[in-house]
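The residues making up each chain are set out below.
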2 protein chains.
Amino acid sequence: MNDKLNGAEAMLTSLVGAGVEVCFANPGTSEMQMVAALDRVDGMRPVLALFEGVASGAADGYGRMADKPAATVLHMGPGLSNAMANLHNAQRAQTPMVNLIGDHASAHLQFDAPLTADIKGQAKTVCHQVKTCKSASNLPHDAIEIVQAAKTNEGQVCSLIIPANTAWEDSASVEVTPIQFAKKKVPLLRIQAIADILKNDQCNAMLLGGKALREEGLKAAGRIFKATGTRILNETLPARRKRGAGVFPTETVPYLAEIAIQFLKPFDNIVLAGAKAPVGFFAYPNVPSQLHSEHTSLPLLCAIDEDITDALITLAKILNATEDADTQPRITPPAPRNELCPMGVGAILAECMPENTIVVDEANTASLAIHPMTQGAARHDILGLTGGSIGIGLPMALGAAIACPDRKVICLEGDGSGMYTPQALWSIARENLDVTVVILKNNSYAILDLELQRTGAKVAEGNASKARSLLSLENPTLDWIKLSEGMGVPATNASTVAQFRHQFSQAMNTRGPRLIQATLIKVDLAAAMAELMKLQTP
Amino acid sequence: MNDKLNGAEAMLTSLVGAGVEVCFANPGTSEMQMVAALDRVDGMRPVLALFEGVASGAADGYGRMADKPAATVLHMGPGLSNAMANLHNAQRAQTPMVNLIGDHASAHLQFDAPLTADIKGQAKTVCHQVKTCKSASNLPHDAIEIVQAAKTNEGQVCSLIIPANTAWEDSASVEVTPIQFAKKKVPLLRIQAIADILKNDQCNAMLLGGKALREEGLKAAGRIFKATGTRILNETLPARRKRGAGVFPTETVPYLAEIAIQFLKPFDNIVLAGAKAPVGFFAYPNVPSQLHSEHTSLPLLCAIDEDITDALITLAKILNATEDADTQPRITPPAPRNELCPMGVGAILAECMPENTIVVDEANTASLAIHPMTQGAARHDILGLTGGSIGIGLPMALGAAIACPDRKVICLEGDGSGMYTPQALWSIARENLDVTVVILKNNSYAILDLELQRTGAKVAEGNASKARSLLSLENPTLDWIKLSEGMGVPATNASTVAQFRHQFSQAMNTRGPRLIQATLIKVDLAAAMAELMKLQTP
C-alpha cells in the first residue's frame, strides 16, 4: 500500500492552499487522476461544463467577480481549442485564471496518438504565461507558480500543461502558500506630470479602463472631475464596471467608430488610466483606425497592467481633490410602447433590477439601446465583451453566480451569440444558480446587418440574397423556450412590454435559474442608427 | 463607377473555377466583403453554421464524401479557435479543406483592437499549410494555391488568412484553373519488397488506413488475402470505410489497448498500408504505448500521405492476386431484448439501413457494441472520429449530406459528445437534409466511466463523489427532444426495441431531418467489458 499523495493530489492540495477553490471542468481520460483527486482532497468545488468554452467563460466571470482565479480543467489540445475563444476574452479582460490542461503521459507523446497536438503552441496565443510540468514532484510547485502568475499585475490568464504520468506518479511534496496579487505601482513622477496636465485650462478627459471602473477608482475619478472639470470616460467594453444610482457616472466611448470620432474630437488631452488608446473595433474603407483627433494628446497615467486604483487615489490627492462629485440619480424611464423593443427591455430592467445585481452583457446591437435606459437603475456591476469574441455571455453568468451566490445575476444575451455556448444553461440548472437569462430575440445577426451597411458592400435584395441568408436566423427560427427547457432551465416567452414586465419582475422576486425569451419587434436599422447617434452623443 | 472585381469577388470566382462549390460559414465584420460577393459571383453554395466548430466539422464530412475541398469562412482568431477542434480531426483524417479566415485590414493590426489575435500561430497547430494574403491582386492566386495545397497527397487542411482590405480593394486578375489531386506514388521497389514478405510462410497481416478502406482498396486487399492468407486489418477510427454486405470484411484493431495487444500478438509482420503503427489511444500506468509485440515487424507499404489505392492494386498484381475474396454476407442479428441497449440499436440498424447509407459514428462506448451488429448490414460508408476530439458527429452529418444529397445519412451520436456542437441540428433543418440522428442516451460520459476504471484511480462511492459528478449527465438530464425541436428538427423518444424499430424504420422510409432519442437501459460496465472482450477478439 502507498500512502503518498500522487501528483494530482499534491497539486490539488497546493491549489486549495493557494486560494483556488472552484474549477470549471470538462475532463477526459488524461485528466482522470485530477478528477479522482477531488474525492480525496477537500476544498475544491468542481463544476461540470458540457463544452470547454463554457468552462473558460465561466472561469472568466468568476475571476472578474471574485478577484481571484478559478481553475479550468481541459482535455488536451482539442479541449484547449474549444476553450480558446473565451480565453481570448479573458486575456483582454486581465482576468486572473489558471488552466489545468492534461496531456498524454510524456513517454506516450512520441507515438503521435490521435489526440496529440501542439498544446503549448495553442496556449501561447491566448495566455499571458504557459508552463509544462516535467515531473510529479514538480507539479505542486508548478501549480503554485501558475497561481502566482495569474495574480500578477492586474490579473493574467495562465496555463499549466500536465502530462498524465505527472498526475499519477508519486509526488514528493505539497506546498501550501497563500498568494497575494503582485501589483506594479505607477511611478509618482508620472502621476505628478498628469496632475500638471489636468490643472491646465485645456479641454481634458480621462479614459478609464480595467479596475479604474470599480467603486474606489470611480470615486477618485469623480473627485478629480469635481476639482478640475476633467471629463471622465470609460472604455467601450469594460471587463467590469460599477454603474447606476449612487455611482459617479462615466461616459462610454461609443462602439461605432464614426460616432466615437465625433465624441472624442473636442479633447486636447485624453489621459489613459488603465485603458488603451481608443481604436476602431474594426477597420472600414476610408475610416481612420485611431479614434482621437490629430490635435489630441494621449498622456499615460497608468498602463493596463499597472495598479490603477492606487494611481487614481494618488492623483486625486496630488490635485487636492477631496470633494465627492454628484452621483447618478435613480431614474426609471418609461417603457416606450407596447410591442417589445430593446429600449422597452431596458426600461423594465431599470424599473425592476434589485440593488447589487450583476449584469452580464452580450446583447450586442440590443445593448446599444438598453444601456442608456439602465443608466439610472439601482447600482449594479456590468460585465462586458472585452475581446469581442461572442459566446461568453451565458458562461460568464454561470461563473459570476458561482462567485457571488448572494447576488442576482442577469444575462442579456443575443439569440445569435447565445447559440455559441448554449450548454452553459445546463450547468446553471445543475448548480441551481440565481441567474435570469434574457434572450433578445430578433432572429438575425443584427450586428452584422449593421456592419454589412457600414462596409459599403452591395448585396441583392430580398430572399434571393445568399449574403442576407448568412445574417438571418430565420428558417427555422430558434425556439429558446425549448432549448432552455431541454437543458433544465424553466423558460417563458414575452412579446409585449406588459408580458416582459410581469415575467421579469417575477424573476427578480424569486431565486433560481430562469430564462425569458424577449421576442423583439422588427427594427429599421437606418432609423435606429439615427436614434443611436442622438443617444450616444454626450 | 467601378466595374473591376474587388479581391473578395476575384477570389470567389477563382475558387469556383477551381471546383470549390460549397462554403460552411460563420462570418463577421471582417468577412462582409466575402459575404457580399456571394450575391455577385455564381456557383458557390453558402451554408450558415451557428458555431464555427459546426462549419469545420461539416467541411470535414463534405471533404471525406466528395473527395474535394469545401471552404469554411471563419471570423478572425476567435472564429478559428472555435473551429480548431474539428480541424484537428480533419487533419488526422487527411481531409482536403480550405479555410478562409478573415483578419483586420493590414493597417489596422498595429492598433491591437479587441479581436486581434495570432491567427497564423493558431492555424499552424491544426493545418498542413497556412498562408497570409498580402494584397487584393494576390488574393485570387493565393486562393488557387491553397486549393492546390488542399488537394496534395491524400488531402490536406489548409488555411488562407485574408486581411479585410485585400477583400475590399480592387483585384488585378482572376485565375480559373481546375485543380487535380497531386498524388505521391509509392516506389515500385518498396511494393516488391512487401510482396516478398507476404509470400513467406510467417503469420502476416496488413493494416489498412485512409483511402485503402474505400471500394477499390478493399477489393485489392481482398485479393491479396485470397492469394496469400494475409489477414487484413483496419485502423481503429478510419476517416471513411466501406463496409457491409458485398464488401470484403476487414478486422478492426480494437480501441481498448489491453484487447488490441492480445489481438495483434500473433503476427510476425504487420504491413502498414496508409496506417500508422498501432498505438494506444491514451497511456495508462503499466500498459505499453505500442500495441504490437516485440517480435512483430512493421514493414511500410505506404505512408498516410502516399497514393494508397495505387499501391494496393500494384501489390495485388505483383502477387498475381486476381481472384476476389469472399465478401461479407448479409446478416440481420436478432435484437437481444425489449429494453433498448446499444446492441439492440445495432440490430435494428442492420435490419433497416438502406443500401448506400452514410453512417457518421460518434457514439463512442455505444459504438463498441453497435459495430459488431452492423457488420452484415446493407453496404454503407462509415465516418469515424479520426482525431479523438468529440463534437464532430452532428457537423459531419451535415457536411456529408450536403456532399451526397441522394444518400441517407445516419448520425450515431452520444448524449455527451452531441452537446459539443448541437448547433449543427439547426443547419440540418435549414438545409432540409436527409439526416436521421440517433442520440444514444445513457446520461453519462460512459467512455469516461470506463476510462476512470482503466486508470486505476480510486474514487468515492455514490452521490457523495465529486469525481463521479463530473462524469454524469444527470441532474438535470438532457431532453434531446426539446433541444432538437428548438432547432427545428422533429424528434421522438424510443425506450424499447419496438419503439426504436418503429421510429427508425419510419425514418428510413421517409426523407428529411429527424432525431430519435434512444434512451438506453443502464449497463454494468464491468460485465459489458467482458462481453466486449469476446466480441472484439477475432
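Just above, that's the structure.
The rules behind these values
- Residues numbered from 1 in each chain as written.
- Chains lettered and ligands numbered in written order.
- Predicted model: local features only at pLDDT ≥ 70, side-chain atom pairs only at ≥ 80, totals over all residues.
- Heavy atoms only, no water.
- Helix = DSSP H or I, 4+ residues; strand = E, 2+ residues; numbered from the N terminus.
- Rg over C-alpha atoms; globule rule 2.2 N^0.38 Å.
- Buried < 20%, exposed > 50% of the residue type's maximum accessible area, 1.4 Å probe, protein only.
- Areas by Shrake-Rupley, 256 points an atom, 1.4 Å probe, with all protein chains shown as cover.
- Lys, Arg positive; Asp, Glu negative; His and termini not counted.
- Charge placed at Lys NZ, Arg CZ, Asp CG, Glu CD.
- Phe/Tyr/Trp six-rings, centres within 6.5 Å; stacked < 30°, edge-to-face > 60°.
- Lys NZ or Arg CZ within 6 Å of the ring centre and 35° of its normal.
- Salt bridge = Lys/Arg side-chain N within 4 Å of Asp/Glu carboxyl O.
- Patch = residues over 30% accessible without salt bridge, like charges linked within 9 Å, V, L, I, M, F, W, Y side chains within 5 Å.
- Polar contact = N/O pair within 3.5 Å; in protein donor to acceptor, adjacent residues only side chain to side chain.
- Contact = heavy atoms within 4.5 Å.
- Buried area = accessible area lost by both parts, 1.4 Å probe.
- Least-squares fit on C-alpha atoms with pLDDT ≥ 70 in both.
- Pairing = 2+ DSSP bridges.
- Axes fitted to C-alpha atoms, helices over the stretch in contact; angles between N-to-C directions.
- Parallel < 35°, antiparallel > 145°, perpendicular 65-115°, else oblique.
- Left-handed = near helix turned anticlockwise from the far one by under 90°.
- Nonpolar A, V, L, I, M, F, W, Y, C, P; charged D, E, K, R; others polar.

**Overview of the overall build of chain A**
Scanning chain A from terminus to terminus reveals 20 helices and 18 strands. Expected size for 538 residues packed as a compact globule is a radius of gyration near 24 Å; at 24 Å, chain A falls within 12% of this value. Taking the principal axes of the C-alpha coordinates as reference, chain A spans close to 75 × 60 × 45 Å. Split into buried and exposed, the 538 residues of chain A put 64% on the buried side. Of the roughly 17,800 Å² of accessible surface on chain A, 51% is carried by carbon and sulfur atoms. Where the 46 positive side-chain charges of chain A centre and where its 53 negative ones centre are 4 Å apart.

**Observations concerning the packing of aromatic side chains**
Two measures describe an aromatic ring pair: the distance that separates the ring centres and the angle between the ring planes. The final tally for this structure, using the stated rule, is 13 aromatic pairs over all chains. Consider the rings of Phe225(A) and Phe248(A), whose centres lie 5.6 Å apart with planes at 40°: the pair is tilted. Placement of the pair is Phe225(A) in helix α9 (residues 215–228) and Phe248(A) in the loop between β9 (241–243) and β10 (251–252), with a sequence separation of 23 residues. On the basis of relative accessibility, which here comes to 10%, the residue Phe248(A) falls in the buried class. Counting every residue linked through ring pairs, the aromatic cluster contains Phe51(A), Tyr420(A), Phe51(B) and Tyr420(B). Positioned above the aromatic ring of Phe181(A), the side-chain terminus of Lys183(A) is 5.5 Å from the ring centre. Across the ring face of Phe181(B), the terminal group of Lys211(B) is positioned such that the distance to the ring centre comes to 5.3 Å.

**Comments concerning the pattern of salt bridges**
Opposite charge on two side chains permits them to pair, given that their charged atoms come into close proximity. Under the defined criterion, the tally for this structure stands at 58 salt bridges over all chains. Here Arg407(A) ties to Asp381(A) by a salt bridge, and the two come within 2.7 Å at their closest N and O atoms. Of this pair, Arg407(A) sits in the loop between α14 (393–403) and β15 (409–414) while Asp381(A) sits in strand β14 (residues 380–383), and the two are 26 residues apart along the sequence. Residues Arg407(A) and Asp381(A) agree in their burial class; the two are buried. A salt bridge links Arg214(B) to Asp67(B); the nearest nitrogen and oxygen atoms lie 2.8 Å apart. Taken together, the residues span a long stretch of sequence, with Arg214(B) in the loop between β7 (204–208) and α9 (215–228) and Asp67(B) in the loop between α3 (52–66) and β3 (70–75) at a distance of 147 residues. What makes Arg214(B) buried here is its relative accessible area of 17%. Given a relative accessible area of 28%, Asp67(B) falls into the partly exposed group. What emerges from the salt-bridge pattern is a single network uniting Asp67(A), Arg214(A), Arg240(A), Lys242(A), Asp381(A) and Arg407(A).

**Points about the environment of Gly19(A)**
Residue and element names in this part refer to chain A. By secondary structure assignment, the location of Gly19 is in the loop between α1 (7–17) and β1 (22–26). Since its relative accessible area comes to 22%, Gly19 is described here as partly exposed. Sequence-wise, Gly19 and Pro354 are 335 residues apart; in three dimensions their C-alpha atoms are separated by 30 Å.

**Observations regarding a nonpolar patch on the surface**
Residue and element names in this part refer to chain A. A surface patch of nonpolar side chains, amounting to about 220 Å² of accessible area, comprises Leu5, Val174 and Val176. With respect to the helices and strands, the residue Leu5 is situated in the segment before α1. Residue class for Leu5 comes out partly exposed when judged on its relative accessible area of 33%.

**A closer look at the side chain of Ser30(A)**
Mapped onto the secondary structure, Ser30(A) falls in the loop between β1 and α2 (32–37). Owing to a relative accessible area of 6%, Ser30(A) belongs among the buried residues under this scheme. Within polar-contact distance, the side chain of Ser30(A) engages the side chain of Glu31(A) at 2.7 Å. For Ser30(A), the side chain forms a polar contact with the side chain of His75(A), separated by 3.1 Å. With sequence-adjacent residues up to four places away left out, Ser30(A) is seen in contact with His75(A), Met76(A), Gly102(A), Asp103(A), Ala164(A) and Phe282(B).

**Quick notes on the interface of chain B and chain A**
How big an interface is tends to be stated in terms of the accessible area lost upon association of its parts. Taken together, the 98 residues of chain B in the interface contact 98 residues of chain A. Roughly 8,100 Å² is buried in total at the junction of chain B and chain A, and carbon and sulfur atoms are behind 63% of that figure. Across the chain B-chain A interface, the total number found is six salt bridges. Here Asp112(A) makes a salt bridge to Lys276(B), at a shortest N to O gap of 2.4 Å. Taken together, the links from chain B to chain A amount to 44 residue pairs in polar contact (both at pLDDT 80 or more).

**Structural notes on the relation of the copies chain B and chain A**
Least-squares fitting of chain B to chain A yields an RMSD of 0.0 Å, with the transformation described by 0.0 Å of translation along the axis and a rotation of 180°. In symmetry terms, the pair is related by a two-fold rotation axis. When the interface residues of chain B are mapped onto chain A, 100% of them again fall at the interface, so both copies present the same face.

**So, unusual backbone geometry**
Residue and element names in this part refer to chain A. Here the residue pair Asn475 and Pro476 is connected by a cis peptide bond, since its omega of -5° sits within 30 degrees of zero. Within the fold, Pro476 resides in the loop between α17 (466–469) and α18 (480–486). At Met76, a position not held by glycine, the phi torsion is positive, near 55°. With respect to the helices, strands and loops of the structure, Met76 is situated in helix α4 (residues 76–93).

**Topic: the sheet that holds β15(A)**
Residues and elements named next belong to chain A. Read from one edge to the other, the open sheet built from seven strands follows the order β9-β14-β13-β15-β16-β18-β17, with strand pairing classed as mixed. Looking at strand neighbours, the two that pair on one side only are β9 and β17 (491–494), the edges of this open sheet. Sheet twist, expressed as the mean angle between neighbouring strand axes with direction ignored, is 20°. The pairing of β17 with strand β18 (residues 514–519) spans four bridges and is classified as parallel. Bridging from a neighbouring strand, Asn493 pairs with Gln517 of β18. Contacting β13 (357–362), β14, β15 and β16 (435–441), α14 runs over the sheet at an angle of about 175° to β15.

**Focus: the packing of helix α3 (residues 52–66) of chain A against α14(A)**
Residue and element names in this part refer to chain A. At their nearest, the axes of α3 and α14 sit 6 Å apart, and the two run at 45° to each other. Viewed along their axes, α3 and α14 adopt a mutual orientation that is oblique. In terms of crossing hand, the pair formed by α3 and α14 is right-handed. Residues Gly53, Val54, Gly57, Ala58, Asp60, Gly61, Tyr62, Arg64, Met65 and Ala66 of α3 touch α14, and the partners they reach there are Pro395, Met396, Leu398, Gly399, Ala400, Ile402 and Ala403. Split by residue class, the contact of α3 with α14 holds 11 nonpolar, four polar and two charged.

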